[in-house]
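Okay, here's what each chain looks like letter by letter:
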Amino acid sequence: MSLCELSLAQTDEALTRGELSPTELLRAVLDRADEVDPKLGLLAERFDNAAFLAAEQAEKRIARGERRGPLDGVPLTVKSLYDIAGLPTSAGSAVQTGPVARQNADAVAALREAGAVIFATTRMDEFGLGVSCPATTNPRAPERDTGGSSGGAAAAVVSGVSPVALGSDTGGSVRIPAAHCGAVGFKPTYGTISTTGMVPLSWSLDHVGALGRSVRDCATVIDALAGTTTPDTARTAPGGRRVGLATGPLFNHVSGEVAENTERARQLLTKEGVEVVPIELPFAELVSHAVRIIMMSEASSFHRPYMAEQLETYGPTVQQRLEEGSLVPARDYIDAQRFRSTVRHAWREAWQDVDAVLMPTTAVAAVPRGEFWLTMEDGRTDLTPFAYTRFTHLASLTGLPAVSLPFGTSRDGVPFGLQLLGRPHDERTLVAVAHEIETLAGGPWPQATSDALPTGAGTAAD
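No experiment lies behind these values; they were computed from the predicted model shown.

Participant: Outline the pairing of strand β9 (residues 356-360), listing residues and values.
Facilitator: With respect to burial, β9 is a largely interior element, 5 of its 5 residues being buried. Relative to β9, strand β7 (residues 242-247) runs parallel, the two being bridged by 3 bridges. Considered in β9, the bridge of V243 is made with A356.

Okay, here's the thing in structure tokens:
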């Protein structure tokens, strides 16, 4: 097993025992990036020299017996919308939203305080306003998109460039690429982790999130950022759990393969002693409408001064969406926020008797790159963004913690994701249930092998 195949948990153990040094690990990771980044287009910017300085400092701490925790000496990436002191914050765009960052985003500062070695930023949809990350190639299915907007982060994890990665999630931007690339994506409860120093998409919907190859790895990152402790994941037998399976009109509109995969998950859980009960989430069909109103109104408000001076610098799709957001009446925005409170209250009862609620992460597997219009098996036409987000929006609007797990593949070998929603501020139970399902599904999941990656440079779009 190469160093780049190690999970965060395995890396932590090797560093703690002195079997591996931070500088040795960083060299392996950077060599891996040299190999795969020209093929996948996953990194926005690298800072090797600063990373080696951080790795050397971690090495000295470890030699003194002062290792700070499981992230100390571990190389990782952050999405390019986080401020890193001394660097411009691009957020995937040529638009200048401010000068060079004077200080680190709170999440970046927390990672560095934990000893993490940040060596690169990852590519994303411009300002997070997208779900396909067109500049990045999917390591597991090169002809399909990665999902977005944290597509570069998911590709970095799956290709072995980064054992874990820091992403962000407003409408599903961690969970969607995790599902489509075959990684784990974890979004904690809204407000658990500070978003200060993160270029906003939507202030009242933005979340910090993590991507990794296992539930435990993602939980470790969230713990470091939030100052929490998730449970020991030694338990793997899910028997005795009670899990809700989301039902209703919203969940009927999925591809045939997604429906089959969800049924396989239900059967597997039932066989292992989990009580799976159908559960209806009130108002679920209206959630995406409210999310879009809130998201685009708030995004338009943030970008108004920059659009006045740099309109031509924005990509045409982002420009159009921001202009549309500026036309949303204030009463619609207020009504959407009121509806948000109504949904939160109505859903409290749904979680009284279950440990978590299960559903697909997306209504379809990753589509061919650039495909925007979909024809579903029931004959209805759908838009790719809506097929990707209608289930992830549920945890976005309510702020509930959510995890996307790899579970099965399509007939073409494209990964599927299962999503678990938990109770607010009960990441402890959510992580435990997700880990148990992960174990049943055969995880944690390995990186994509070099043989599976596209050949030649320039595969990813510029």
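Anyway, onward from the coordinates.
Participant: Give me the packing of aromatic side chains: which residues, what numbers.
Facilitator: The full count for this structure, using the stated rule, is 7 aromatic pairs. Ring centres of F127 and Y314 lie 5.8 Å apart, and the angle between their planes is 35°; on these two criteria the pair is classed as tilted. Highlighted residues: F127 in the loop between β3 (117-122) and α5 (151-158) and Y314 in the loop between α10 (287-310) and α11 (316-325), separated in sequence by 187 residues. Take Y314: its relative accessible area is 4%, and that puts it in the buried class. The structure contains a cluster of three or more aromatic residues connected by ring pairs, namely W203, F302 and Y306. When the ring centre of F386 is taken as origin, the NZ or CZ atom of R292, which lies over that ring, is 4.4 Å away.

Participant: Provide a residue-level description of the sheet that holds strand β13 (residues 415-421), including the pertinent values.
Facilitator: Pairing in this open sheet of 11 strands is mixed, and the strands run β1-β3-β2-β4-β6-β5-β12-β13-β9-β7-β8 from one edge to the other. Here the strands that pair on one side only, and so sit at the sheet edges, are β1 (43-46) and β8 (275-280). Pairs of neighbouring strands in the sheet enclose a mean axial angle of 30°, with direction left out of account. Looking at chain direction, strand β5 (residues 184-187) and strand β6 (residues 207-212) are connected through 3 bridges and run antiparallel. If you follow V184 over to β6, its bridge partner there is G212. This element, helix α7 (residues 215-226), spans β4 (164-169), β5, β6 and β12 (402-409) of the sheet and lies at about 145° to β6. Sheet strands in contact with helix α9 (residues 256-271) are β7, β8, β9, β12 and β13, and its direction is about 100° off that of β12.

Participant: Break down helix α1 (residues 8-17) for me, with residues and values.
Facilitator: Taken as a whole, α1 has its buried residues at L8, A9, T11, D12, A14 and L15. Where α1 is buried, its residues meet α2 (22-40), α3 (48-63), β4 and α7.

Participant: Account for the pairing of β13, with residues named and values stated.
Facilitator: Summarising burial for β13: 7 of the 7 residues are buried, a large majority. Covered by surrounding structure in β13 are P415, G417, Q419 and L421 together with F416, L418 and L420, the residues of both alternating faces. As paired strands, β12 and β13 are joined by 6 bridges and run antiparallel to one another. Bridge assignment links L405 to a residue of β13, and that residue is L418. Between the end of β12 and the start of β13, which pair antiparallel, lie 5 residues, with G413 showing a positive phi angle near 85°.

Participant: An account of the side chain of D145 is needed here, citing residue identities and associated values.
Facilitator: Tracing the backbone shows D145 in the loop between β3 and α5. Of the side chains with opposite charge, R369 lies nearest to the buried D145, which makes no salt bridge, at 7.5 Å. Side-chain polar atoms of D145 contact the side chain of Y388, separated by 3.0 Å. Here D145 is in contact with V131, S132, N138, H180, A366, V367, P368, R369 and Y388, once residues within four sequence places are set aside.

Participant: Go over the nonpolar core with me, naming the residues and quoting the values.
Facilitator: L111 and L394 are the most contacted members of the largest nonpolar core, which has 134 residues in total. The greatest single-element share of this core, amounting to 11 residues, is contributed by α10. When sequence neighbours within four positions are dropped, the list of residues in contact with L394 reads L250, F251, L281, A284, V287, W347, M359 and L421. Residues A165, A178, C181 and L211 belong to the second largest nonpolar core, which totals 10 residues.

Participant: Give me the lowdown on the environment of N104, citing residues and values where you can.
Facilitator: Within the fold, N104 resides in the loop between β2 (75-79) and α4 (106-113). For N104, a relative accessible area of 22% puts it in the partly exposed group. In the structure, N104 is positioned 219 residues away from E323 in sequence and 30 Å away in space, judged by C-alpha atoms. A polar atom in the side chain of N104 sits 2.9 Å from the backbone nitrogen of A85.

Participant: Explain the packing of α10 against helix α12 (residues 330-348) to me, and be specific about the residues and the numbers.
Facilitator: The interhelical angle for the contact between α10 and α12, taken along N-to-C directions, is 130°, at an axis separation of 9 Å. In this view, α10 runs oblique relative to α12, as classed from their interaxial angle. For the element pair α10 and α12, the recorded crossing hand is left-handed. Residue-level contacts link V287, A290, I293, I294, S297 and E298 of α10 to D332, Y333, A336, Q337, F339 and R340 of α12. Split by residue class, the contact of α10 with α12 holds 7 nonpolar, 2 polar and 3 charged.

Conventions adopted
- Residues numbered from 1 in each chain as written.
- Predicted model: local features only at pLDDT ≥ 70, side-chain atom pairs only at ≥ 80, totals over all residues.
- Heavy atoms only, no water.
- Buried < 20%, exposed > 50% of the residue type's maximum accessible area, 1.4 Å probe, protein only.
- Helix = DSSP H or I, 4+ residues; strand = E, 2+ residues; numbered from the N terminus.
- Pairing = 2+ DSSP bridges.
- Phe/Tyr/Trp six-rings, centres within 6.5 Å; stacked < 30°, edge-to-face > 60°.
- Lys NZ or Arg CZ within 6 Å of the ring centre and 35° of its normal.
- Axes fitted to C-alpha atoms, helices over the stretch in contact; angles between N-to-C directions.
- Contact = heavy atoms within 4.5 Å.
- Lys, Arg positive; Asp, Glu negative; His and termini not counted.
- Salt bridge = Lys/Arg side-chain N within 4 Å of Asp/Glu carboxyl O.
- Polar contact = N/O pair within 3.5 Å; in protein donor to acceptor, adjacent residues only side chain to side chain.
- Core = buried A, V, L, I, M, F, W, Y, C linked by side-chain atoms within 4.5 Å.
- Parallel < 35°, antiparallel > 145°, perpendicular 65-115°, else oblique.
- Left-handed = near helix turned anticlockwise from the far one by under 90°.
- Nonpolar A, V, L, I, M, F, W, Y, C, P; charged D, E, K, R; others polar.

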